[in-house]
Amino acid sequence: MENPTDDYKIQSFDLDTQMLLKTALKDPSSVNLVKVSNVIVDQSLKDQVFSKEAGRICYTIVQAEAKQNNGSVFRRNMLNRLQQEFKNREEMRGRSLQEWVCYVTFICNVFDYLKVNNMPMVALVHPVYDCLIRLAKPDALMNEEEVRKNVDCLVLQLHRIGEQLEKVNSPRMDELFFLLRDGFLLQEGLSSMARLLLLEILEFRAGGWLLSGTAHKYYYSEIAD
Amino acid sequence: MSDWTRGSRRDANNSEIENSSYGPSRWSNCRKRGIDGSLRADRGVDGGEKDLHADSSSRHSDKRPESFTTPESTGPVSRCSRQADWGSQVEDDEMRRGVHRDMQRYRRRILGAEVTQRERKTSSGSSGSCDSKEGDNMETDEAVLLRRQKQINYGKNTLAYDRYIKEVPKHMRQSGVHPKTPNKFRKYSRRSWDQQIKLWKVKLHTWDPPAEDGQDNVLDNIEELGLGDVMDIELDFPNLSDSQNAPTTHILSLDGEDCLGTPVKVQKTESTVEPEMSSS
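The structure displayed is predicted, hence computed values, not measured ones.

What counts and how
- Residues numbered from 1 in each chain as written.
- Chains lettered and ligands numbered in written order.
- Predicted model: local features only at pLDDT ≥ 70, side-chain atom pairs only at ≥ 80, totals over all residues.
- Heavy atoms only, no water.
- Helix = DSSP H or I, 4+ residues; strand = E, 2+ residues; numbered from the N terminus.
- Buried < 20%, exposed > 50% of the residue type's maximum accessible area, 1.4 Å probe, protein only.
- Contact = heavy atoms within 4.5 Å.
- Areas by Shrake-Rupley, 256 points an atom, 1.4 Å probe, with all protein chains shown as cover.
- Axes fitted to C-alpha atoms, helices over the stretch in contact; angles between N-to-C directions.
- Parallel < 35°, antiparallel > 145°, perpendicular 65-115°, else oblique.
- Nonpolar A, V, L, I, M, F, W, Y, C, P; charged D, E, K, R; others polar.
- Expected span 1.5 Å × (residues − 1).
- Polar contact = N/O pair within 3.5 Å; in protein donor to acceptor, adjacent residues only side chain to side chain.
- Salt bridge = Lys/Arg side-chain N within 4 Å of Asp/Glu carboxyl O.
- Core = buried A, V, L, I, M, F, W, Y, C linked by side-chain atoms within 4.5 Å.
- Patch = residues over 30% accessible without salt bridge, like charges linked within 9 Å, V, L, I, M, F, W, Y side chains within 5 Å.
- Lys, Arg positive; Asp, Glu negative; His and termini not counted.
- Charge placed at Lys NZ, Arg CZ, Asp CG, Glu CD.
- pLDDT = per-residue confidence, 0-100.

Draft legend 1. How the structure looks around the overall build of chain B. Looking only at helices and strands, chain B features 11 helices and 0 strands. Starting at the N terminus and ending at the C terminus, chain B contains elements arranged as α-α-α-α-α-α-α-α-α-α-α. Across the 280 residues of chain B, 50% fall into the buried class. The contacts of chain B with a sequence gap of at least 6 include a subset with a gap of at least 24, amounting to 70%. Of the roughly 13,700 Å² of accessible surface on chain B, a fraction of 51% belongs to carbon and sulfur atoms.

Draft legend 2. Region of the structure containing the packing of helix H2 (residues 33-46) of chain A against helix H6 (residues 97-113) of chain A. Residue and element names in this part refer to chain A. It is the contact of H2 with H6, at a shortest axis distance of 7 Å, that shows an interaxial angle of 125°. When the interaxial angle is binned, H2 and H6 end up oblique. The segment H2 lies against H6, with Ile40, Val41, Ser44, Leu45 and Lys46 engaging Glu99, Cys102, Tyr103 and Phe106. Residues that form the contact of H2 with H6 fall into these classes: 6 nonpolar, 1 polar and 2 charged.

Draft legend 3. Representation of helix H5 (residues 142-156) of chain B within the structure. Residues and elements named next belong to chain B. Its 15 residues place the ends of H5 20 Å apart at the C-alpha level, agreeing with the 21 Å of an ideal helix rising 1.5 Å per residue. With respect to burial, H5 is a largely interior element, 12 of its 15 residues being buried. Among all positions of H5, only Ala143, Val144, Leu145, Leu146, Arg147, Arg148, Gln149, Lys150, Gln151, Ile152, Tyr154 and Gly155 are buried. At the N-terminal end of H5, a side-chain oxygen is found 2.8 Å from the backbone nitrogen of Ala143, two or three residues along, and the residue is Asp141.

Draft legend 4. Representation of the pattern of salt bridges. Residues and elements named next belong to chain A. Applying the stated criterion across every chain, the model contains 24 salt bridges over all chains. For Arg160, the salt bridge identified is with Glu53, shortest N-O distance 3.0 Å. Placement of the pair is Arg160 in helix H8 (residues 144-168) and Glu53 in helix H3 (residues 48-69), with a sequence separation of 107 residues. Residue Arg95 is joined to Glu99 by a salt bridge in which the shortest nitrogen-to-oxygen separation is 3.1 Å. Overlapping salt bridges, with partners in common, bring together Glu90, Arg93, Arg134, Asp139 and Glu146 in one network.

Draft legend 5. Layout of unusual backbone geometry. All names here are of chain A. Here the phi dihedral of Asn117 falls at roughly 50°; this positive angle occurs in a residue that is not glycine. Tracing the backbone shows Asn117 in the loop between strand E1 (115-116) and strand E2 (119-120). A residue is classified by how much of its surface remains accessible, and Asn117, at 33% relative accessible area, is partly exposed. The phi dihedral of Trp209 is positive, around 65°, even though this residue is not glycine. Among the structural elements, Trp209 can be located in the loop between helix H10 (192-206) and helix H11 (213-224).

Draft legend 6. Summary view of the environment of Gln48 of chain A. Residues and elements named next belong to chain A. Along the polypeptide, Gln48 turns up in helix H3. According to the relative accessible area criterion, Gln48 is partly exposed, its value standing at 26%. If sequence neighbours within four positions are ignored, Gln48 has contacts with Gln98, Val101, Cys102 and Thr105. Reaching out from Gln48, the side chain makes a polar contact with the side chain of Gln98 at a distance of 3.3 Å.

Draft legend 7. Quick peek at the side chain of Gln157 of chain A. Residue and element names in this part refer to chain A. Within the element layout of this structure, Gln157 appears in helix H8. Exposure remark for Gln157: the relative accessible area of 1% places this residue in the buried category. Once residues lying within four places of it in the same chain are set aside, the contact partners of Gln157 are Thr105, Cys108, Leu132 and Gly162.

Draft legend 8. Broad picture of the nonpolar core. With 77 residues, the main nonpolar core has Ile40, Tyr103, Leu132, Leu158, Leu176 and Leu180 of chain A as its most contacted residues. Aside from chain neighbours lying at most four places away, what touches Leu132 of chain A is Val104, Cys108, Leu154, Gln157, Leu158, Leu165 and Leu176 of chain A. Formed by 10 residues, the second largest nonpolar core is a distinct cluster that contains Ile152, Tyr164, Trp193 and Trp207 of chain B.

Draft legend 9. View of a positive patch on the surface. Taken together, the side chains of Arg109, Lys156, Lys170 and Lys180 of chain B make up a positively charged region of the molecular surface. Among the secondary structure elements, Lys180 of chain B is positioned in the loop between helix H6 (159-167) and helix H7 (190-204).

Draft legend 10. The arrangement of the confidence of the model for chain B in detail. Residues and elements named next belong to chain B. For chain B, the mean per-residue pLDDT works out to 65, and 40% of the residues sit at or above 70. Mean pLDDT across the secondary structure elements of chain B bottoms out at helix H2 (residues 14-19), with 42, and peaks at H7, with 95. Confidence drops under pLDDT 50 across residues 1-23; counting only partners more than four residues distant or on other chains, this segment forms 73 contacts. Low confidence marks residues 228-280, where pLDDT is under 50. Its contacts with residues over four positions away, or in another chain, come to 115 contacts. In the model output, the complex is listed with pTM 0.67 alongside ipTM 0.88.

Here you go:
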């Protein structure tokens, strides 16, 4: 039988916390959900692997809590934590690029998984755009280390949620892509890898969030080999 | 009016909720959720005692102006008071979507009933019930529906309601005997609706979990049955807003609280605020 908790990538937590999370998944009302949400958010900011999939565990806990007692303590606290971090994002970015990138990954993941009646959370749309646009600003593309981190994150998120984002707010996607084009064309000293990533995402969106067969071959076949 | 806002159950301000600590209220044992929204169930006073739903459905902008009068409009609705925090925004969003979804379902149900009515009419020649007109006379104002939904949520977020639905399945309900949730899609005046909610909640109290102190329930019922009665006995309304200051003492005291305006004003206020103020 598949062990569902493996999917949540919680191995990076200490055993006690793993236990806490497992319990939260099964019996949310028996744990301190505020603590659980803080634990998850904190770890997402530190652990990039976890931040890429943390949305999933959040979703499951939200569902479990709603089903068990119609509550939304976990979601509320998690979102408000996210908001807090969002307010201080420039400071975070200045302090630790890694943490900033983890944050963006996490908030995008939450946007992806946590839907309200199958619709994306309206409250997160602008913040997500703000984050992605921040990743595409000229100062984020200046040095090699920054570029790799920022662009990697940016293109990964756009692959995952670009289409959804555009559906809920197209003008801001245009805004983002203006920056991406500028970055691709004008940013001096951009590595070929970075340019490759940007070109691919430009084609991806232009193709309706789909790469044509030949484009896919161009960008991905080498990796397959 | 600051007394209202200070002691009010409904706090527009999240940080106020987080920073203040409230003592147990007389209604604590009936409240399903504590101040932080976490389930209270069999826990003691842990988790907060005021019935401030974690979800923003409880949140009204409570900064009532000095010249406060009974609002004729739909009154403060959380979505109007610019809830900046994401948690509330998402919950508001969710409630709004829920209400719209309910509306669609209800319309479909009514249309279905209308068709059946018409068929019966033509065959039996008898006049149909008011159901056939309901589709035309449905409440569709979103602000009204949201407000009503919040009031319903208050009633349902109680141990009493939980116990009630477990004990009496829908098909066993007898009209008049068993409380029935008011239908938010029917057109009612504000007063009529508020009164229905009040009566519904009073009925729900029958299923309150046994209180540790029997006197609790008696006073709860006095409060519920008639604000006018309360005024006559000169019990103090303010207590309803700062009930947390009176743990198990049942004398509703105005310790250091200023008088809340004139009785008439308070009474008027009560009738509109009552759903939030009531013990469930």
